Amino acid sequence: MVNNSGYLGIDIGSTNVKFCFYRNTTVWSKVLAHEGDVTGSVKALLDDLASSGDHCVAKALVTGTEGRRRLLLPETISEVAIESGLKALGHHPRAVVSMGGEDLVVYTIDKKGRITSANSGNKCASGTGEFFRQQLGRMDIPLGDLDRVVENATAHRLSARCSVFMKSDCTHRAFPFVQPV
């Protein structure tokens, strides 16, 4: 008998529910904005996972500040989930960016796959993952293309005062060729 079971990670954040199913080399993942209906979103993603193929969950765990205690599953903190996920997938990045609706955290990763530091922005709107996602949209960069884009990117210092100044900085740094009318 072939073991078709895998592992399911669930993250319930302030704006989205994220699922990641892993078995051998198969990864299935989905993100769904919950718009306040966490239970309905979790059910919808479970239905989507069940209909997407032969996925049998052997173990599952949940993370996320907004909803990890809503499910009767073992819970963990984000850092442990990130390290375990990178190890399982065989990925060795230098950093991981976690973009939430209320925060944006950059985790620095060492050669052993361990998180060595976590740097987060302030709680101003400019420090959130949602703000970052909006800026990517303004530059016509899909979130899924971000890892490809950063290879040749240049880092620029930006204001961290508020979203109005941050948006202005992003506009002038990303589009220096555009002159005010």
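Residues numbered from 1 in each chain as written. Predicted model: local features only at pLDDT ≥ 70, side-chain atom pairs only at ≥ 80, totals over all residues. Heavy atoms only, no water.

Another point: the sheet that holds strand E4 (residues 56-63). Either a parallel or an antiparallel arrangement is found when strands of a sheet pair, and the pairing is made through backbone hydrogen bonds. On the basis of which strands lie adjacent, the open sheet formed by four strands has the order E3-E2-E1-E4 and mixed pairing. Both outer strands of the open sheet, strand E3 (26-33) and E4, are each paired with one neighbouring strand and no more. Taken pair by pair, the neighbouring strands of this sheet meet at an average axis angle of 15 degrees, ignoring direction. Here six bridges tie strand E1 (residues 5-12) to strand E2 (residues 16-23), and the two strands are oriented antiparallel to one another. Bridging from a neighbouring strand, Ile10 pairs with Phe19 of E2. Those strands touched by helix H1 (residues 38-51) are E1, E2, E3 and E4, and its axis lies near 150 degrees from that of E3. (Pairing = 2+ DSSP bridges. Helix = DSSP H or I, 4+ residues; strand = E, 2+ residues; numbered from the N terminus. Axes fitted to C-alpha atoms, helices over the stretch in contact; angles between N-to-C directions. Contact = heavy atoms within 4.5 Å.)

The strand order across the open sheet formed by three strands is E5-E6-E7, and the pairing between neighbours is antiparallel. If you trace the sheet from one side to the other, it starts and ends with strand E5 (95-99) and strand E7 (115-120), each paired once. The mean inter-strand angle of the sheet, taken between neighbouring strand axes irrespective of direction, is 20 degrees. Examined bridge by bridge, E5 and strand E6 (residues 104-109) share five bridges and lie antiparallel to one another. Within E6, the position partnered with Val96 by the bridge is Tyr107. The strands that helix H2 (residues 78-89) touches are E5, E6 and E7; relative to E6, the one it contacts most, it runs at about 50 degrees.

With that settled, the discussion passes to the pattern of salt bridges. Pairs can form between side chains of opposite charge once their charged atoms are near each other. One pass over the full model with this rule turns up three salt bridges. Here Lys18 and Asp11 are joined by a salt bridge, their closest N and O atoms 2.8 Å apart. Residue classification places Lys18 among the partly exposed residues on the basis of a relative accessible area of 24%. For Asp48, the salt bridge identified is with Lys30, shortest N-O distance 3.3 Å. Placement of the pair is Asp48 in helix H1 and Lys30 in strand E3, with a sequence separation of 18 residues. Residue Lys30 is classed as partly exposed on the basis of its relative accessible area, which comes to 33%. (Salt bridge = Lys/Arg side-chain N within 4 Å of Asp/Glu carboxyl O. Buried < 20%, exposed > 50% of the residue type's maximum accessible area, 1.4 Å probe, protein only.)

Here the focus is the confidence of the model for the chain. Detailed reading of predicted coordinates is not advised where the pLDDT is low. Of all residues in the chain, 78% have pLDDT values of 70 or greater, and the mean over the chain is 80. Within the chain, the element-level pLDDT minimum falls on helix H5 (residues 163-174), averaging 68, and the maximum on H1, averaging 92. (pLDDT = per-residue confidence, 0-100.)

Counting 13 residues, the largest nonpolar core has Leu8, Ile10, Ile12, Val17, Phe19 and Val42 as the members making the most contacts within it. Elements with a minimum of two residues in this core: E1, E2, H1 and E4. Ranked by residues supplied to this core, first place goes to H1 with four residues. Setting aside chain neighbours within four positions, we find Ile10 in contact with Val17, Lys18, Phe19, Leu61, Val62, Thr63, Leu71 and Leu73. Judged by nonpolar contacts, the second largest core, of seven residues, contains Ile82, Leu86, Val96 and Val105. (Core = buried A, V, L, I, M, F, W, Y, C linked by side-chain atoms within 4.5 Å.)

This part is about H1. Spanning 14 residues, H1 covers 20 Å between terminal C-alpha atoms, matching the ideal 20 Å at 1.5 Å per step. Downstream of H1 by a residue or two, Gly53 has a phi angle that is positive, lying close to 155 degrees. (Expected span 1.5 Å × (residues − 1).)

Within the secondary structure layout, Glu83 lies in helix H2. Here the side chain of Glu83 touches Arg114 through a polar contact of 3.1 Å, side chain to side chain. (Polar contact = N/O pair within 3.5 Å; in protein donor to acceptor, adjacent residues only side chain to side chain.)

A separate point is unusual backbone geometry. With glycine set apart, most residues show a phi of negative sign, and most peptide bonds adopt trans. One non-glycine residue with positive phi stands out, namely Glu35, at about 45 degrees. On the basis of relative accessible area, Glu35 is assigned to the exposed category, the value being 76%.

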